[in-house]
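Chain by chain, the residues run as shown.
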Amino acid sequence: NAGVMQNPRHLVRRRGQEARLRCSPMKGHSHVYWYRQLPEEGLKFMVYLQKENIIDESGMPKERFSAEFPKEGPSILRIQQVVRGDSAAYFCASSPPGGDSQETQYFGPGTRLLVL
Amino acid sequence: GENVEQHPSTLSVQEGDSAVIKCTYSDSASNYFPWYKQELGKRPQLIIDIRSNVGEKKDQRIAVTLNKTAKHFSLHITETQPEDSAVYFCAAEGQAGTALIFGKGTTLSVSS
């Protein structure tokens with residue numbers, strides 16, 4: 001059972017370009033979370049998605065950032081017109097569908113975005 | 001929203017000693033508290049978690065305690081080894097009942 005997959009692992013963009021980060025959850029997992037980690041800091045929640053639905057995007061900047069999790073294919077985190085401050089590691093996590101209790105989140109290897 | 005404070009930010013111990021990392025949270029509705037270990041350049045990996053219906057959980061050299069009244073939980077590592085050196089993050093379930101809110105991390109260094 002493959003773990004959470006993310007690609008690319010490293011991404012270099014110039015200011016003003018677009019960055020697309022992809023996440024394939026673990027088999028059987030229908031919940032995807034995106035987190036951002038700045039150097040020597042903790043993980044900050046950005047957005048929580050289920051298939052074709054954004055459940056909670058309270059941690060995502062209102063401008064330039066968007067996320068989707070289509071019926072088929074990976075979840076995509078899209079950053080338009082990147083700025084230097086977007087340089088960070090972006091981690092995706094997935095969890096299985098749960099009932100009333102929180103399910104364990106398993107993290108992917110991350111995408112390290114560098115904006116020049 | 002939920003806020004998680006983690007202490008200390010750095011911790012240095014000798015091999016064989018115990019290490020304790022403490023976290024407090026603000027949302028009394030939170031019910032799930034995982035701990036993740038992150039080695040340099042790697043993904044966070046779950047090492048242990050606890051839910052609010054228990055006060056303590058142990059897995060070999062690692063244990064977690066939870067005090068819901070005081071809204072704090074702690075990670076205990078006994079008989080530390082150099083390979084325990086990493087950054088440890090505590091987290092609490094966010095208000096939405098889904099997102100995790102993380103502490104800022106503790107860099108643990110175990111010297112032999």
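Only a predicted model underlies this, so the values are computations on that prediction, with no experimental measurement involved.

S.K.: What's the story with unusual backbone geometry in this structure? I'm lost.
M.R.: Going from Asn7(A) to Pro8(A), the amide bond is cis rather than trans, its omega being -5°. Note that Pro8(A) resides in the loop between strand E1 (5–7) and strand E2 (10–13). Here the amide bond leading from His7(B) into Pro8(B) is cis, since omega sits at -5°, within 30 degrees of zero. Despite not being glycine, Glu52(A) shows a phi value in the positive range, around 65°. With respect to the helices and strands, the residue Glu52(A) is situated in the loop between strand E5 (43–50) and strand E6 (53–56). Taking the relative accessible area as the measure of exposure, Glu52(A) reaches 55% and is therefore exposed. In this model, Glu79(B) sits at a positive phi of 45°, which is unusual for a non-glycine residue. Along the chain, Glu79(B) turns up in the loop between strand E8 (72–77) and strand E9 (86–93). According to the relative accessible area criterion, Glu79(B) is exposed, its value standing at 53%.

S.K.: Is there a simple way to explain the environment of Val64(B) in this structure?
M.R.: Residues and elements named next belong to chain B. Position of Val-64 relative to the elements: it lies in strand E7 (residues 62–67). Linking Val-64 and Trp-35, residues 29 residues apart in sequence, is a C-alpha distance of 8.7 Å. Not counting the four nearest positions on each side in its chain, Val-64 is found in contact with Trp-35, Ile-48, Asp-49, Ile-50, Gly-55, Glu-56, Lys-57 and Ser-74.

S.K.: Looking at this structure, I do not really get the sheet that holds strand E6 (residues 56–59) of chain B. What am I missing?
M.R.: The strands that make up a sheet are held in pairs by hydrogen bonds between backbone atoms, and each pair lies either parallel or antiparallel. All names here are of chain B. Taken in spatial order, the 5 strands make up an open sheet running E1-E3-E8-E7-E6, and their pairing is antiparallel. Since the sheet does not close on itself, it has two edges, and those belong to strand E1 (4–7) and E6, each with one partner. The average angle at which neighbouring strand axes cross in this sheet is 15°, direction not considered. Pairing between strand E3 (residues 19–25) and E8: 6 bridges, direction antiparallel. Counterpart to Lys-22 in the pairing with E8 is Ser-74.

S.K.: Explain the pattern of salt bridges here, please?
M.R.: Any two side chains of opposite charge can pair if their charged atoms end up close together. Residue and element names in this part refer to chain A. Summed over the entire model, instances satisfying the criterion amount to 6 salt bridges over all chains. Where Arg-20 meets Glu-18, a salt bridge forms, and the shortest distance between an N and an O atom there is 2.8 Å. Among the residues examined, Arg-20 registers a relative accessible area of 38% and is labelled partly exposed. You can call Glu-18 partly exposed: its relative accessible area is 30%. Where salt bridges share partners, they join Glu-18, Arg-20 and Arg-78 into one cluster.

S.K.: Please clarify how the state of the cysteines should be interpreted in this entry.
M.R.: A complete count under the given rule lists 2 disulfides over all chains for this structure. Two residues, Cys23(A) and Cys92(A), share a disulfide whose sulfurs are 1.7 Å apart. Measuring the twist about the S-S bond at about -40°, one finds the Cys23(A)-Cys92(A) disulfide to be left-handed. Of the two residues, Cys23(A) is situated in strand E3 (residues 19–24) and Cys92(A) in strand E9 (residues 88–95); the sequence distance between them amounts to 69 residues. Of the two residues, Cys23(A) and Cys92(A), both sit in the buried class. Bridging Cys23(B) to Cys90(B), the disulfide has an S-S length of 2.0 Å. The disulfide joining Cys23(B) to Cys90(B) has a torsion of about -100° about its S-S bond and is therefore left-handed.

So, how was this worked out
Within each chain, residue numbers correspond to sequence positions counted from 1 in written order. Each chain is given a letter, starting from A, and each ligand a number, starting from 1, according to the order in which they appear as written. Two thresholds apply to this predicted model, a pLDDT of at least 70 for residue-level local features and 80 or more for giving and counting side-chain atom pairs, whereas whole-chain, interface and lining totals are computed over all residues. Excluded from the side-chain calculations are hydrogens and water; all other atoms, namely the structure's heavy atoms, are used. By the criteria applied, helices consist of DSSP H or I runs no shorter than four residues and strands consist of E runs no shorter than two, each listed in order from the N terminus. Per-residue accessibility, obtained with a 1.4 Å probe over protein chains only, is compared with the maximum for each type, and a residue is labelled buried under 20%, exposed over 50%, and partly exposed between these values. We call two residues in contact when some of their heavy atoms are within 4.5 Å. In this scheme, strands are said to pair when DSSP sees at least two bridges between them. Every axis in this analysis is a line fitted to C-alpha atoms, fitted for helices over the stretch in contact. Angles between the N-to-C directions lie between 0 and 180 degrees. By convention in these notes, a salt bridge is any Lys or Arg side-chain nitrogen within 4 Å of a carboxyl oxygen on Asp or Glu. Whenever a pair of cysteine sulfur atoms sits within 2.5 Å, that pair is classed as a disulfide.

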